[in-house]
Every structure is written in structure tokens, then in C-alpha cells.
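Coordinate inspection notes
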Amino acid sequence: MDRRCLEECPQLGIMDELQFLNLQHNLIAAIQHLSHLQQLVFLNLYDNHISEMSGIETLGCLRILMLGKNRIHKICCLESLYKLNILDLHDNQICMIENVSHLSELRVLNLAGNSISSVANLQGLDCLSELNLRHNCISVVTEVDRLPCLQRLFLSCNNITSFDQLACLGQSRSLSELTLDENPVALETWYKQAVLRCVLHLRQLDMKRITDEDRRMAGVQARKEEEKKRESHKQTIHKEKRRLAIRNAAQQWEGVRACLELPPTNGAKDDVSPENSPTHSPAQTNGLSQEPSPDEPRRVSPGSGPERPSGGMESRFRANSRANSPREPKLVDTGSGSVQSLSLSDSHLAELDGDTLRLFGLGALEALERGWGVQTAGAVCVITFRYINFDAIVPTLPRIRVKFPNLSHLIFLDTNISRLPQLAALAQVRRLDQLTIHPEGNPVVSLALWRSFVIYRLHHFNLQRINGQEVTMNDVIAAERVFGSLGHIAATETPRCRLLLLLEESRKRQLQFLLDGRGRRAGLSPEERRDNGKLLGEGLSRALFNYPSRDSAESPEVTFVLERTVQSSEHAAFMEQYLQELVQRASDTNLKGEALHKLWPSMFAEMVRDCVLEMRDRAAFRQVSLAKLSETK
């Protein structure tokens, strides 16, 4: 009875045993007059105007129900259709899969061409072998793995954008055919290999047979993805260790600052990210790297002060931060480039990023003592120090001079450079084109003449930039005017024995050379004269501005000078205390005099009154006085 332009179902009262009924391509708006057809097995109402599924509740023997291309909004009225094998509801207006979980014998479910957004409520369909969900709005697929007999799943022309939305397909062991074409995920480069890696038993994908080559490529891609995940996990762990090491180095530096009782600078406890710290980013503002971010540990900036921790304290911190890392650096890819982690522990970090060597924490200085290849050491052009006391860096400068011949830029952050003589220690390196001393944690930058002193003392380096600012000829002339005369007077007026104490060991030959007539002594070979001439690079006047390292501090001459200095300091402290006591005593005497001046009138009146009262009875007073005199005898 198809294509009859029927507007309602015909009344078939005399056909109670009817099993097949075809009413497709009509104008039927409601399912009516079919409740008595208890033997009906096949019902085809395709391409009608039906908006509701009511009217089929009593058809308990129905096995095939065709309701495609209608106007149905909701799946319902299937409670008694337990024997249903095929349910076709394609090209309707259904928005949700529901009320089908009791159809345990259902084998084919066609819901293509609807408005379904998610695959759900499929529990109980234990015999379902084919599920058609083409041309819907599906973005997430779930519960498919709960269909034990599902073999064919059609998901073409939906809104699936990633393989994560298809994760449940990997749990299905029966799925053999799958279509995902016309989805955003199908545009991925390794789309086929990713699907085959997820669904191992698949035989057809997008109506194409899966070949052995496809499976081999999927295996290769799977191994690559696994390696990528392991590497990503490894990088994540390394980044976290790096972050903790920098944070602990900052906290340890704060402890050193507290031991030295140094006043904190502004912003001493500011949270910034180690990856975006000024030592990590090449961006600069006014010649200084400044790039704050929310993930870096607390920044600790020490204040000024010439003192430095004792050797025991530094050795203790160094021992606590020693790492058990291998001798050869380990390559770690951070995503922005190749970074070699040279030394990493709970409280220090040493890493090499291209031509930049970064050292965080006191223990990181151990990286300078390890074995370096000639090519690796020659590539280092920039060294950054952070959370390390400058006095601990000074002994390493001669080793830096030898190990890194192409070093041209030094950066100091939170290193407690507080005095001009400390800057003189930088003369021990081989070469220096740029110098950056960050104001944070380096009080010397607040001094007006610090830049002129650097230009004068490191004149032999011919510095190009200091804190990002170019060094001009006017700067050199101004520095010479300020410190040149002072250096000349010190070099000419200081006795020879005192000069030997002020100069380092390497400069004592220079002094002897100068005092012997600038190399014009008889008996010197040309080679000796050339060697002595090399020692004149800086000039004696500049060399007198010296900052002794720990090694020079151990010599007998410097030890004697230090002892005399300590004695002078003790004498000055004693005098200061003595003067304070005198001032305090004078202040107390003055306060007592003022109090007596205020109380004297009342005291005098009381004394006069007492005398008058005692002498009122002269006889009695005479006897008392004689008795006192006799007692005293």
C-alpha cells in the first residue's frame, strides 16, 4: 500500500494474521488502527508525516520497524517490542538516544540524519551489531565499548575533532568496520594510523579495506607517539626539578643573607618564574634583562655589606647542594632549544643553553671544575651567576679564564656585589666585551661612580657595553679623570713593601719589572723582555685597585695585614664602647643634678624644721648630743 497518498493508516479489521505491512511514501500523520495486528512482524512507514511513535505499543511480535524520513522528535513507545531486530529512525528530528536499553534482541539501529549530539544510553543492547549515526552533531562518543557484539559503526559527517573523543573505541573488541570521514579529526596527518592504533581489530575504515602496510605504519606511528609521550613526561619532570632547584637556591640565598644580617632590598620576596627570570630570557630593558612571571620562586636580594660567609658556612652549603650527576652533561630538550643540564640537585642548577652557561646556587660552581670538551667550552660566550655570593665566585675566575677562552659577557644577579673593590676581581678573566650587574641583589649599582670604576679598572678589556649601555670615549675620559690621579698617586707614593701586599702574585713580577727600569736592565733576553712587557697590560696604577681572593688571603703577608686590621678593628670597637660609657655617665650625672635642683627647696625646709624641733628643749638636746659623742668615743 505504498505511494497511495494515504493520510491515515487503513483499517484492516479482517486481517488479524497479517505479518508484513508496507505503508511507505504516503502522507500518514499518526500511527492508528494497528493494535489488533498481533502477528505483525514487518512494518514500513518510511517517508510519511509521522511526528509521534504512539500506536505501536501492542505490536509485541514486531521485528522490523521502518520509520525513517518522518518528523519524530523523541524515541518512545517501544516498551513491549522486545523482539525488535531492526529499528530505522533515520532522517527525523531526534536529539537524544533514549528508551532503547531494553531491546536486548536489537541488531541494527539506524539514527542517521538526526540532531543527536552525544552517543549515550546504549546499555543493554547486547545483540546490536550495526549502529548508524551519520549526519548528526556528535562530538563525543561514549558507551560504545559496552556493546559486546557491535561490528559496524558509522560516524561520518559529525563534529568529532580529536582522538580523545573516540577513546572508548579502543576498548571494543568486536568492532571491525568504522567510518569517520567528513569529521574534523579525519583531516589529521596521521589519521588512519591513529585510528588503527586505537582500534586493533578494525578491518575497514571509511569503507576501505585495511592492508598490512597500513597496520605496519600504524605500529611505527604508535612507537613514535609512545616515545614522544615518554620524552614529554621526562621534560616535565626535568622542568619541575629545575623549578624546585632554583626556588631552593633562592631560599638558601635568603638564609645566607640572613646570616650576614644584610638589609633586604625592595621586592626581596617576589614570586617569579625560573624560566622567565632575567637570567633565562634574552629580552632586555635598558640593558638589563627583566621579564617577570608568576611561576618563579621567591627572589631574594641581599643588601650591602663587605662581609662574606665564613669558609665553614660556604662549604656546608656546597656539601648540601652537591649532586650525583654524571661527568658528561646530559642533553635535555626544553622545547625552545637544546639545553645541557650540567649539574642539578635540590638546591642548585647549572645548565648550558647554546652559548650561555647559567649557574644558580653555590653548588653550581662545581660545574666549572668538571671535565669540559674543547669544543663545548669554546662555545661558551655568556656566563650568568645567580644566588651565589660574589666572594665565592672570585676564586673561580682564574679557572674561567682558562676554560672559556671565548667568554665575552658576564651577568650577575643576586650576588651581593656591594663594594667597588669587588669589581676589580673581574680583571682575572681573559676577555670581556659586556658586563651586566643587575640592580637586584647587587647594592654596588646604587653607587654613583661604579660604572666609571669598572671602565677604569677594566680598561684593558676595552669594554663595549655595561648593563646594556654602550661605553663611549667620553665615558673612558671621565673615568680616567676620576680614578687616574688616585691610581697614579698610589703607585708612586706607596712604599715598595706595601705595594707587594696590595698586588696579587701575578703582579709582583710587574712591580719588580717597573722598579728595575721598565725592562731596560742589562742581561735580559728578548724573550724575557717580551714576557715582562705582557705584564704591563693593565698598568700598575690600575692593578693597585685589587680585590684579594681566598687564595691570596692565605699568604703570610696578607695574613699579617689582616691580623693588623683585626687588631685595629678591635681597638676601634673598644674606644667606641669607652666613649659610649663616658657619655652615658655624664648624661646620668646631669639628670641627677636637675632632679636635685627641683627637690632642694623642700629638702632644705625639712632640714630647718627638724633642727628647730630638736633644739626646742635645750637640756634634752644637750644630753642627747653628749650621749652621741660618748658613743662615738
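Note: the structure precedes this text.
Residues numbered from 1 in each chain as written. Predicted model: local features only at pLDDT ≥ 70, side-chain atom pairs only at ≥ 80, totals over all residues. Heavy atoms only, no water.

As for the overall build of the protein chain
- In terms of helices and strands, the protein chain carries 16 helices and 23 strands.
- Looking at the protein chain residue by residue over its 633 residues, the buried ones come to 41%.
- For the protein chain, the proportion of contacts with a sequence separation of at least 24, taken over those separated by at least 6, is 50%.
- As presented, the protein chain carries roughly 34300 Å² of accessible surface, and 52% of it is formed by carbon and sulfur atoms. (Helix = DSSP H or I, 4+ residues; strand = E, 2+ residues; numbered from the N terminus. Buried < 20%, exposed > 50% of the residue type's maximum accessible area, 1.4 Å probe, protein only. Contact = heavy atoms within 4.5 Å. Areas by Shrake-Rupley, 256 points an atom, 1.4 Å probe, with all protein chains shown as cover.)

Focus: the pattern of salt bridges
- The final tally for this structure, using the stated rule, is 10 salt bridges.
- Across the pair E351 and R242 runs a salt bridge whose closest N-O atoms are separated by 2.7 Å. Remark: R242 occurs in helix α2 (residues 212-260) and E351 occurs in strand β17 (residues 349-353); sequence separation between them is 109 residues. A single burial state applies to E351 and to R242, both of which are buried.
- Here R609 ties to D610 by a salt bridge, and the two come within 3.9 Å at their closest N and O atoms.
- According to the relative accessible area criterion, D610 is partly exposed, its value standing at 37%. (Salt bridge = Lys/Arg side-chain N within 4 Å of Asp/Glu carboxyl O.)

Description of the nonpolar core
- By size, the foremost hydrophobic cluster in this structure holds 64 residues, and its most contacted members are L43, I56, L65, L78, V141 and L155.
- Of the residues forming this core, the biggest block, 3 residues, is contributed by helix α1 (residues 191-198).
- Non-local contacts of L155, meaning those with residues more than four positions away in its chain, are made with L133, I138, V141, I160, L166, L178, T179, L180 and N183. (Core = buried A, V, L, I, M, F, W, Y, C linked by side-chain atoms within 4.5 Å.)

Here we look at the pairing of β17
- Most of β17 sits out of view: 4 of its 5 residues are buried.
- Here β17 pairs with strand β18 (residues 356-360) via 5 bridges, running antiparallel. Within β18, the position partnered with L352 by the bridge is L357.
- Once β17 ends, the chain turns through 2 residues before running back antiparallel as β18, passing G354 with a positive phi of about 65°. (Pairing = 2+ DSSP bridges.)

A look at the sheet that holds strand β7 (residues 130-132)
- Here 10 strands make up an open sheet; going across it, the order is β1-β2-β3-β4-β5-β7-β9-β10-β11-β12 and the pairing mixed. Every other strand in the sheet has two partners, leaving β1 (20-22) and β12 (208-209) as the edge strands with one partner each.
- Pairing between strand β10 (residues 177-179) and strand β11 (residues 204-205): 2 bridges, direction parallel. Opposite E177, over in β11, you have Q204 as the bridge partner.

Keep in mind that these numbers describe shape and distance, not what the molecule does.
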